[in-house]
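Residues per chain, in single letters:
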Amino acid sequence: MCTTCGCSPEEHHHDHGDGHHQHDHEHKHEHGPGTGAEGKKISIETDILARNNRLAANNRALFTAHGVFVLNLVSSPGSGKTTLLEKTLRDMAGKASSAVIEGDQQTDNDAVRIAATGVPVRQINTGAGCHLDAHMVGHAALEFDLDNLDLLLIENVGNLVCPASFDLGENHKVVVLSVTEGEDKPLKYPHMFHAANVMLLNKIDLLPHLDFDVAKCREMARRVNPGIIIFEVSAKTGAGMDDWYGWLGERIKGRG
Amino acid sequence: MHELSITQSIVEICEQNSQGRRVLSVTLELGQLSGIVPDSVEFCFEACTKGTLLEGARLIISSIPPMGVCRDCGVEFPVTAYYDSCPSCGGFTVELLHGEELRVKELEVE
């Protein structure tokens, strides 16, 4: 049995008690005329995500104990997350000791790209799953030397919907939006932009070729999330990346 | 389709709390801003409950309309989306009071 979360290889659904209370009210209850069924009501009042949230809290405690600053990168497929990670890891080398968890439905293509930067990487394949969860991340994180790690970057499955609901134990969610996607993405996928603390507006080198309205995009992101921090970057040319590194450096120093 | 894993969690929670009895009905509270589509949960429910204590159970979903309070002027108002502005002062700094619930409220067992 796993000592971290108590799972066994065969049985991943197992836990008992998530701090919820349970009390019974015994009363008879007719199910429509003539059914005669007698039901006993059990009040549960349990958060459906309680198990994930508990495991995420464990992850957060583990990361804090080891002094690791953790970001959960989310976006639609093709926003340039992996290129942005490669560039960030190469430019931050020497300033911070980093590791990466890659989430994709299939293939280890992204992990191979990250490994080429010299940074330790673990690939999680979710199969049919549309998001990473705290259980997967908790196991992957234990494969790193956490004592000698400053920064853990988690690249979530490319999906602007589902990963918004699943806390992984990160310090912040960082949403990546590329200028080829349309400036109204924050309004179309408000849950994700509401959940994120930082937005990286990527591929700004392509702006001269597009009708993308940066000011409008910033305004829409701020409508959904007034406190969101926005960096305009190009992972390809390096434009704007220094501001992002500045924020990252400060947060790693303060670990939060 | 994270409704599938959400529904699996619902089944797990119910089985842990049903005291080994067959479940007749499950009542959920889903906030309209929870990011979960009730129809999808209903769709997944039948598949996820097959062979469990919940097989054949009735799924009752209570949908909770979102309410927010404006942090600028303090007015409370019904929210329809995260980008709603305050109807009184036009501000976007809105704190949600309800509407993100994702809860198994009650079970009815044999």
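Since we're looking at a predicted model, the values are computed, not measured. (Residues numbered from 1 in each chain as written. Chains lettered and ligands numbered in written order. Predicted model: local features only at pLDDT ≥ 70, side-chain atom pairs only at ≥ 80, totals over all residues. Heavy atoms only, no water.)

### Overview of the sheet that holds strand E4 (residues 98-104) of chain A
Residues and elements named next belong to chain A. Judged by pairing direction, the sheet is parallel, and its 7 strands sit side by side in the order E5-E4-E6-E3-E7-E8-E9 without closing on themselves. The two strands at the open ends of the sheet, each matched to only one other strand, are strand E5 (121-125) and strand E9 (229-232). Within this sheet the neighbouring strands show an average axis-to-axis angle of 20 degrees, counted without direction. One ladder, built from 5 bridges, connects E4 with E5; its direction is parallel. Along E5, the bridge assignment pairs Asp 104 with Asn 125. The sheet contacts of helix H7 (residues 214-224) involve strand E7 (172-178), strand E8 (198-202) and E9, and relative to E9 the element is tilted by about 160 degrees. (Pairing = 2+ DSSP bridges. Helix = DSSP H or I, 4+ residues; strand = E, 2+ residues; numbered from the N terminus. Axes fitted to C-alpha atoms, helices over the stretch in contact; angles between N-to-C directions. Contact = heavy atoms within 4.5 Å.)

### Focus: the interface of chain A and chain B
Facing the 37 residues of chain A at the interface are 35 residues of chain B. Taken over both partners, the interface formed by chain A and chain B buries close to 3,100 Å², and the fraction arising from carbon and sulfur atoms is 57%. Linking chain A with chain B are 2 salt bridges, by the criterion used here. When the shortest N-O distance is used, the salt bridge between Glu106(B) and Lys41(A) registers 3.5 Å. Counting every contact that joins chain A to chain B gives 10 residue pairs in polar contact (both at pLDDT 80 or more). Broken down by secondary-structure element, the contributors of at least two residues to the side of chain A that touches chain B are strand E2 (40-47), helix H6 (190-195) and H7 of chain A. Looking at which element gives the most residues to the side of chain A that touches chain B, the answer is E2(A), with 8 residues. For E2(A) and strand E6 (residues 102-109) of chain B, the ladder comprises 6 bridges, and the chain directions are antiparallel. Considered in E6(B), the bridge of Asp47(A) is made with Arg103(B). (Buried area = accessible area lost by both parts, 1.4 Å probe. Salt bridge = Lys/Arg side-chain N within 4 Å of Asp/Glu carboxyl O. Polar contact = N/O pair within 3.5 Å; in protein donor to acceptor, adjacent residues only side chain to side chain.)

### Quick word on the environment of Arg103(B)
You can see Arg103(B) is positioned in strand E6. Leave out the neighbours within four places in its chain, and Arg103(B) touches Glu45(A), Thr46(A), Asp47(A), Ile48(A), Thr27(B), Leu28(B) and Glu29(B). Of note is the side chain of Arg103(B), whose polar atom sits 2.5 Å from the side chain of Glu29(B).

### Re the packing of helix H2 (residues 81-92) of chain A against helix H8 (residues 241-254) of chain A
All names here are of chain A. Contact geometry for H2 and H8: axes closest at 11 Å, N-to-C directions at 65 degrees. Viewed along their axes, H2 and H8 adopt a mutual orientation that is roughly perpendicular. Here H2 runs over H8; the crossing is right-handed. Note on element contacts: H8 touches H2 through Met 241, Trp 244, Tyr 245, Leu 248 and Ile 252, opposite Leu 84, Lys 87, Thr 88, Asp 91 and Met 92. Residue composition of the contact of H2 with H8, by class: 7 nonpolar, 1 polar and 2 charged. (Parallel < 35°, antiparallel > 145°, perpendicular 65-115°, else oblique. Left-handed = near helix turned anticlockwise from the far one by under 90°. Nonpolar A, V, L, I, M, F, W, Y, C, P; charged D, E, K, R; others polar.)

Shape descriptors only; they carry no functional weight alone.
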